[in-house]
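Each chain, letter by letter, is given below.
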Amino acid sequence: MRPVSIWQRSPWGLLLCLLCSSCLGSPSPSTAPEKRAGSQGLRFRLAGFPRKPFEGRVEIQRAGEWGTICDDDFTLQAAHVLCRELGFTEATGWTHSAKYGPGTGRIWLDNLSCSGTEQSVTECASRGWGNSDCTHDEDAGVICKDQRLPGFSDSNVIEVEQHLQVEEVRLRPAVGRGRRPLPATEGLVEVRLPDGWSQVCDKGWSAHNSHVVCGMLGFPSEKRVNTAFYRLLAQRQQHSFGLHGVACVGTEAHLSLCSLEFYRANDTTRCPGGAPAVVSCVPGPLYAASSGQRKQQQSKPQGETRVRLKGGAHPGEGRVEVLKASTWGTICDRKWDLQAASVVCRELGFGSAREALSGARMGQGMGAIHLSEVRCSGQEPSLWKCPHKNITAEDCSHSQDAGVRCNLPYTGVETKIRLSGGRSQHEGRVEVQIGGPGSLRWGLICGDDWGTLEAMVVCRQLGLGYANHGLQETWYWDSGNITEVVMSGVRCTGSELSLDQCAHHGTHIACKRTGTRFTAGVICSETASDLLLHSALVQETAYIEDRPLHMLYCAAEENCLARSARSANWPYGHRRLLRFSSQIHNLGRADFRPKAGRHSWVWHECHGHYHSMDIFTHYDILTPNGTKVAEGHKASFCLEDTECQEDVSKRYECANFGEQGITVGCWDLYRHDIDCQWIDITDVKPGNYILQVVINPNFEVAESDFTNNAMKCNCKYDGHRIWVHNCHIGDAFSEEANRKFERYPGQTSNQVI
């Protein structure tokens, strides 16, 4: 039975509440705001640190007592409901394992389950108020969108905690300010307090403190600094000290988690005999500021990394995958925390972890789950040095894949590019800044050959997530007074940090189609799909069929046969086909939808269906040296949800000219016995080959990760039978295993049978 508040019983109760400050739920100056009646007298606040005003540990006051929520079964849908309770429009994320510090008192809710549409958290299912088996190390937090609900009562603003806290940290170069390249790796440590930026007294400053500061700023490690030089320099400068007595262990993800002391406003003598703390950080390989640093790092012998990130929109974020027995696999999120995430981040050349993500927030992996219950102290040089459990598939599912978001150095690349004319900040015509000091100007990019890969780089550079579309025509977006095209021939691989790292024509502008109508544009998105082929099914279903020509007229019409079929003696004879099934999963965070709308789909009378994508998959037979000896392709005969995971409903089906696509958590199955689900190998000689299947080969539809779109198999053909084995996703093996695979296709001899 739900609790009924006093004002729901009678109008006299409401009047009493208005007149008496001691009424249940009435705010006091030092507590959080009262919640509106829709939540039945409950009050909500965000607490903990370090945090911004729209994020924190969720605390609920019930019956006059503040308590927290356990992170068991917590989801983004529950975060949406709680953010609306707090006066925000929606949630952008949630946290677990007491990211904002453990709370105190009761744990009011456990196993909270919401659909996301509830008006109040009381409408969500749970174990009941106060019924929990959690500790405060499992307190849940939310990250709300920094946008208030219209008409939300001013009395419901978030609680502002009274104690001081360090909000941000930066390094201020003592010399050459404004002329040094970004990122800044050395300088005076400055912290942002509520009244502005202040320096830190260096008395008792240690290498552990520097390690924490460098981690916050996106650097994996620190190095010794010439303190004598800076002390000499400090004698000639004025300083404003706000912090002293900093004592870190070195494993903290934020300076606020260290022991520290703030100067009081009436302290007249600050840092006597001391000087501002100075830190020098070592950038990771991706952010080495000078060519000298890059060469120095590249000269060090480096083995293949055993940890990687997949599926993130930005560097330093993604699903964590580890290499074990030459095969990549994921990590179960049980007991996954900031310490373990920070070890991953630093190992990969980034700073400490900003977030430890659970619940496959960066998309689900496929294949093995190698580790669970990883417990790091934060001092380990590698994740493999942390205590962990090896698990089997029954212990954990890919819906529990762990991920990270790392702290990154500030490079300022987002200031050199902008979008204009779009309906929101996530879309528009791309404008780039060129020229030197005193002659900077903005210009447009030629739309020739502009596509998804180039759009991925723009969206990443602007911090806007994934690319949704790369547009070659932008006549519907007004460019204002910017009409000059200043860049052309842009070609990106999709992995660059900024557009100026992509190949382009330089100062020579060559554009086939002139005018602002044909300039480049992008549409960015916070989520993206991620297609993955079920490689084991290809191996299990592969076989050879000799199919009569009189049964292949439709296939010939759709160009699904080898070129030699055109000169065949139709309808006599046959073609030899390598057939197999392909099951394509969407493991991303957005539905996979064809780029073209239904109005432009092409009807094929012969097979009786619409093509929403002209080329959806490439099928190739390759020799050991990569020469193509047979090929096939498949249009998207029909993109639909054939089957889905247990808790996912189908959304797309092709019947009756229905919408096409693949829902997150579903897969599209092309059976081996349908037309064009083959490679015509009539002209292929016996021997050892590689079978390769590539999904979305032209990058026509944006995905979070294109590196897993290819699948390879060893293939042995004796002229009558075929053996397909060792099928795997292109990036599923270690580099050494891939080299062996390509060197010895089929068997340990490359001789043709």
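Labelled according to an unreviewed UniProt entry, the protein chain appears under the name Lysyl oxidase homolog, originating from Lynx pardinus.

(A) Geometry of the overall build of the protein chain. The number of helices and strands found in the protein chain is 11 helices and 40 strands. Within the protein chain, the fraction of its 753 residues that count as buried is 53%. For the protein chain, the accessible area works out to roughly 34,900 Å², and carbon and sulfur atoms hold 50% of it.

(B) Up close: the state of the cysteines. A full pass over the atoms with the stated rule returns 15 disulfides. The partner cysteine of C376 in its disulfide is C386, sulfur to sulfur 2.1 Å. On the sign convention where negative is left-handed, the bridge of C376 and C386, at about 110 degrees about the S-S bond, is right-handed. Linking C376 in the loop between β18 (369–372) and β19 (389–390) with C386 in the loop between β18 and β19, this pair joins segments that are 10 residues apart in sequence. For the pair C376 and C386, one class covers both residues: buried. A sulfur-sulfur separation of 2.0 Å characterises the disulfide bridge that pairs C459 with C524. Note on the C459 and C524 pair: the S-S dihedral is about -90 degrees, so by sign convention the disulfide is left-handed. Pair noted here: C459 is in helix α8 (residues 452–461) and C524 is in strand β26 (residues 521–525), with a separation of 65 residues, a long-range link. Across the pair, exposure class does not vary: C459 and C524 are buried alike. Its sulfur unpaired, C715 is 7.9 Å from the next cysteine sulfur, which belongs to C713.

(C) Region of interest: unusual backbone geometry. Cis peptide bonds are those with omega within 30 degrees of zero, and the linkage from W570 to P571 qualifies with 0 degrees. Positive phi values are uncommon outside glycine, yet K335 reaches one of about 65 degrees. Counting through the fold element by element, K335 comes out in the loop between β16 (327–331) and α7 (338–347). On the basis of relative accessibility, which here comes to 47%, the residue K335 falls in the partly exposed class. Its identity as a non-glycine residue notwithstanding, A360 has a phi of 55 degrees, on the positive side. Relative to the helices and strands, A360 resides in the loop between β17 (353–357) and β18.

(D) Structural detail: the sheet that holds strand β35 (residues 643–644). Pairing is antiparallel across the open sheet formed by 4 strands, whose spatial order is β27-β30-β36-β35. Of all the strands in the sheet, just β27 (531–533) and β35 have a single pairing partner and so form its edges. Bridging between β35 and strand β36 (residues 666–670) involves 2 bridges; their strand directions are antiparallel. Bridge pairing links C644 to C666 in β36.

(E) Focus on helix α5 (residues 227–234). Looking at α5, one finds that the buried residues are Y230, L233 and A234. Taken around the axis of α5, the buried residues stretch over an arc of 100 degrees, which confines them to a single face. If you follow the buried residues of α5, they end up packed against β8 (186–193) and β13 (278–282).

(F) Seen up close, the sheet that holds strand β37 (residues 678–680). Sheet architecture is open: 3 strands sit in the order β28-β29-β37, paired in antiparallel fashion. Edge positions in the sheet fall to β28 (543–548) and β37, since each of these pairs with one other strand and no more. Along the sheet, successive strands turn relative to each other by an average axial angle of 35 degrees, direction set aside. Pairing of β28 with strand β29 (residues 574–579) involves 6 bridges; the strand directions are antiparallel. By the bridge assignment, R547 is partnered in β29 with R575.

(G) The packing of aromatic side chains, seen in detail. Scanning the model with the defined rule gives 10 aromatic pairs in all. Taking the centre distance of 6.1 Å and the plane angle of 70 degrees together, the rings of W108 and W129 count as edge-to-face. With W108 in strand β5 (residues 106–109) and W129 in the loop between β5 and β6 (141–144), this pair connects stretches of sequence that are 21 residues apart. Taking the relative accessible area as the measure of exposure, W129 reaches 25% and is therefore partly exposed. Chaining the aromatic ring pairs together yields one cluster made of W475, Y476 and W477. Between the NZ or CZ atom of R148 and the centre of the ring of F88, over which it lies, the distance is 4.5 Å. Its guanidinium or amino end placed over the ring of W442, R418 lies 4.0 Å from that ring's centre, counting from NZ or CZ.

(H) The arrangement of helix α3 (residues 76–85) in detail. The buried count for α3 comes to 7 of 10 residues, which makes it a mostly enclosed element. Buried residues belonging to α3 abut β1 (43–47), β2 (55–62), β3 (65–69), β4 (91–95) and β6. Once α3 finishes, G87 follows within two positions and takes phi at roughly 100 degrees, a positive value.

(I) View of the pattern of salt bridges. All told, the structure shown has 35 salt bridges when counted by the stated rule. The residue R319 makes a salt bridge to E321 at a minimum N-O spacing of 3.1 Å. You can call R319 buried: its relative accessible area is 4%. Of the charged contacts in the structure, one is a salt bridge between R405 and E355, with a shortest N-O distance of 3.1 Å. Here R405 is found in strand β20 (residues 403–406), whereas its partner E355 is found in strand β17, with 50 residues between them in sequence. On the basis of relative accessibility, which here comes to 6%, the residue E355 falls in the buried class. Each of the salt bridges in this network shares a partner with another, and the network as a whole consists of D448, E473, R513 and R517.

(J) Seen up close, the nonpolar core. Counting 34 residues, the largest nonpolar core has F616 and L691 as its most contacted members. The set of elements that each furnish at least two residues to this core consists of β27, β33 (617–622), β38 (687–695), β39 (710–717) and β40 (722–729). Sequence-distant contacts of L691, that is, excluding residues within four places in its chain, are made with V538, L578, F580, D620, I621, I679, M711, K712, C713, C715 and V724. Within the second largest apolar cluster, 27 residues are counted, among which are V322, V344, F350 and L383.

(K) Summary view of the confidence of the model for the protein chain. Looking at the protein chain as a whole, its pLDDT mean stands at 84, while 87% of the residues score no less than 70. Note on residues 1–38: pLDDT under 50 across the span, and 62 contacts to partners over four residues away in sequence or across chains. This stretch, residues 746–753, has a pLDDT under 50; its non-local contacts, to residues over four places away or in other chains, come to 17 contacts.

(L) Spatial organisation of the side chain of H585. Looking at the secondary structure, you find H585 in strand β30 (residues 582–586). Here Q583 takes part through its side chain, which lies 2.9 Å from a polar atom of the side chain of H585. Every residue in contact with H585, bar those within four places of it in the chain, is listed here: M366, D530, L531, L532, H534, C666 and W667.

(M) Highlighting the pairing of β33. Where burial is concerned, most of β33 is hidden: 5 out of the 6 residues are buried. Note: β33 against strand β34 (residues 628–634), 6 bridges, orientation antiparallel. Paired with I621 across the bridge in β34 is A630. Counting the residues that bridge the hairpin from β33 to β34 gives 5 residues, and of these G626 lies at a positive phi of roughly 95 degrees. Sheet analysis places β33 next to β38, joined by 6 bridges and oriented antiparallel. Bridged to T617 within β38 is I695.

Procedures and definitions
- Residues numbered from 1 in each chain as written.
- Predicted model: local features only at pLDDT ≥ 70, side-chain atom pairs only at ≥ 80, totals over all residues.
- Heavy atoms only, no water.
- Helix = DSSP H or I, 4+ residues; strand = E, 2+ residues; numbered from the N terminus.
- Buried < 20%, exposed > 50% of the residue type's maximum accessible area, 1.4 Å probe, protein only.
- Areas by Shrake-Rupley, 256 points an atom, 1.4 Å probe, with all protein chains shown as cover.
- Disulfide = S-S within 2.5 Å.
- Pairing = 2+ DSSP bridges.
- Arc of directions from axis to C-beta.
- Contact = heavy atoms within 4.5 Å.
- Axes fitted to C-alpha atoms, helices over the stretch in contact; angles between N-to-C directions.
- Phe/Tyr/Trp six-rings, centres within 6.5 Å; stacked < 30°, edge-to-face > 60°.
- Lys NZ or Arg CZ within 6 Å of the ring centre and 35° of its normal.
- Salt bridge = Lys/Arg side-chain N within 4 Å of Asp/Glu carboxyl O.
- Core = buried A, V, L, I, M, F, W, Y, C linked by side-chain atoms within 4.5 Å.
- pLDDT = per-residue confidence, 0-100.
- Polar contact = N/O pair within 3.5 Å; in protein donor to acceptor, adjacent residues only side chain to side chain.

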